[in-house]
Amino acid sequence: MKIAQEKVVSIHYTLKNAEGSVLDSSSGSDPLAYLHGAGNIIPGLESALEGKEAGEKLAVTVEPGQGYGDRDERLVQDVPRAAFKDVQELAPGMQFQAQGPQGTRLVVVTQVAEETVTVDANHPLAGQTLHFEVEVAEVRDATAEELEHGHVHGPGGHHHH
Ligand code: ZN
């Protein structure tokens, strides 16, 4: 069965950055299951998988425009240190949930100064060229319920209670 619209696809993957460091991997856990054509995964990876079958391996390079987008420097902001008064040891790399006009965003502290703290709300992978090694584990038809919900149910997917 080939990967196409309305198929549920399970993949094992390793994601590396341009320097070759592993950023993410399904190794040692269940494969990632997604609904093909529903925008569950980044566009560059989804389009590369089109037409592939279980057992196939592929290497995919995804540019930012087909991945997590370009970095937006307007999302890097200085906020008063007082906003973090409940945090004991503030350090670069710490992550916080921040309320903004578009809802909750994850922000990363990039710099800590005496009066201000610099936070970055870009996706951590924004602006990066991504290198995936992918093995297709399984391809099956989606159920009517999965198509209605726009995501996969069961192993590797969503669990409803
Ligand atoms: Zn569902």
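In case you missed it, the structure is sitting above this.
Residues numbered from 1 in each chain as written. Predicted model: local features only at pLDDT ≥ 70, side-chain atom pairs only at ≥ 80, totals over all residues. Heavy atoms only, no water.

A. Molecular detail of the overall build of the protein. Assigned secondary structure in the protein consists of two helices and nine strands. Taken from N to C terminus, the helices and strands of the protein fall in the order β-β-β-α-β-β-β-β-β-β-α. What you see for the protein is a C-alpha radius of gyration of 19 Å, clearly larger than the 15 Å of a compact globule of 161 residues, by over 25%. The dimensions of the protein, computed from C-alpha atoms along their principal axes, are 60 × 40 × 30 Å. Across the 161 residues of the protein, 30% fall into the buried class. As presented, the protein carries roughly 9900 Å² of accessible surface, and 47% of it is formed by carbon and sulfur atoms. Charged side chains of the protein number 11 positive and 25 negative; the gap between the two group centres comes to 2 Å. (Helix = DSSP H or I, 4+ residues; strand = E, 2+ residues; numbered from the N terminus. Rg over C-alpha atoms; globule rule 2.2 N^0.38 Å. Buried < 20%, exposed > 50% of the residue type's maximum accessible area, 1.4 Å probe, protein only. Areas by Shrake-Rupley, 256 points an atom, 1.4 Å probe, with all protein chains shown as cover. Lys, Arg positive; Asp, Glu negative; His and termini not counted. Charge placed at Lys NZ, Arg CZ, Asp CG, Glu CD.)

B. A look at the environment of F132. Relative to the helices and strands, F132 resides in strand β9 (residues 130-141). By relative accessible area, which is 6% here, F132 ends up buried. A C-alpha to C-alpha distance of 5.7 Å links F132 and A59, two positions 73 residues apart in sequence.

C. Summary view of the environment of S10. Counting through the fold element by element, S10 comes out in strand β1 (residues 7-16). Relative accessible area serves as the criterion here: at 9%, S10 is assigned to the buried category. Through-space distance from the C-alpha of S10 to that of V152 is 9.9 Å; in sequence the pair is 142 residues apart.

D. Just the environment of T104, in detail. Looking at the element boundaries, T104 is found in strand β7 (residues 103-112). Along the sequence, T104 and S10 sit 94 residues apart, while their C-alpha atoms lie 29 Å from each other.

E. How the structure looks around unusual backbone geometry. The phi dihedral of E6 falls on the positive side, at around 70°, and the residue is not glycine. Examined against the element boundaries, E6 turns out to sit in the segment before β1.

F. Spotlight on the nonpolar core. The biggest cluster of nonpolar side chains holds 19 residues, and the ones touching the most others in it are I3, L45, L49, L130, F132, V134 and V136. Contributing elements (two or more residues each) for this core: β1, α1 (43-49), β4 (57-62) and β9. With five residues, the single largest contributor to this core is β9. The residues touching L130, leaving out its near neighbours within four places in the chain, are L15, K16, I42, V60, T61, V62, Y68 and L125. Counting eight residues, the second largest nonpolar core, distinct from the first, contains L90, F96, V117 and A121. (Core = buried A, V, L, I, M, F, W, Y, C linked by side-chain atoms within 4.5 Å. Contact = heavy atoms within 4.5 Å.)

G. Local environment of the pattern of salt bridges. Following the criterion strictly, the structure yields seven salt bridges and no others. Residues R140 and E146 are paired through a salt bridge, measuring 3.0 Å at the closest nitrogen-oxygen approach. Using a relative accessible area of 2% as the deciding quantity, one classes E146 as buried. Where salt bridges share partners, they join R71, E73 and D120 into one cluster. (Salt bridge = Lys/Arg side-chain N within 4 Å of Asp/Glu carboxyl O.)

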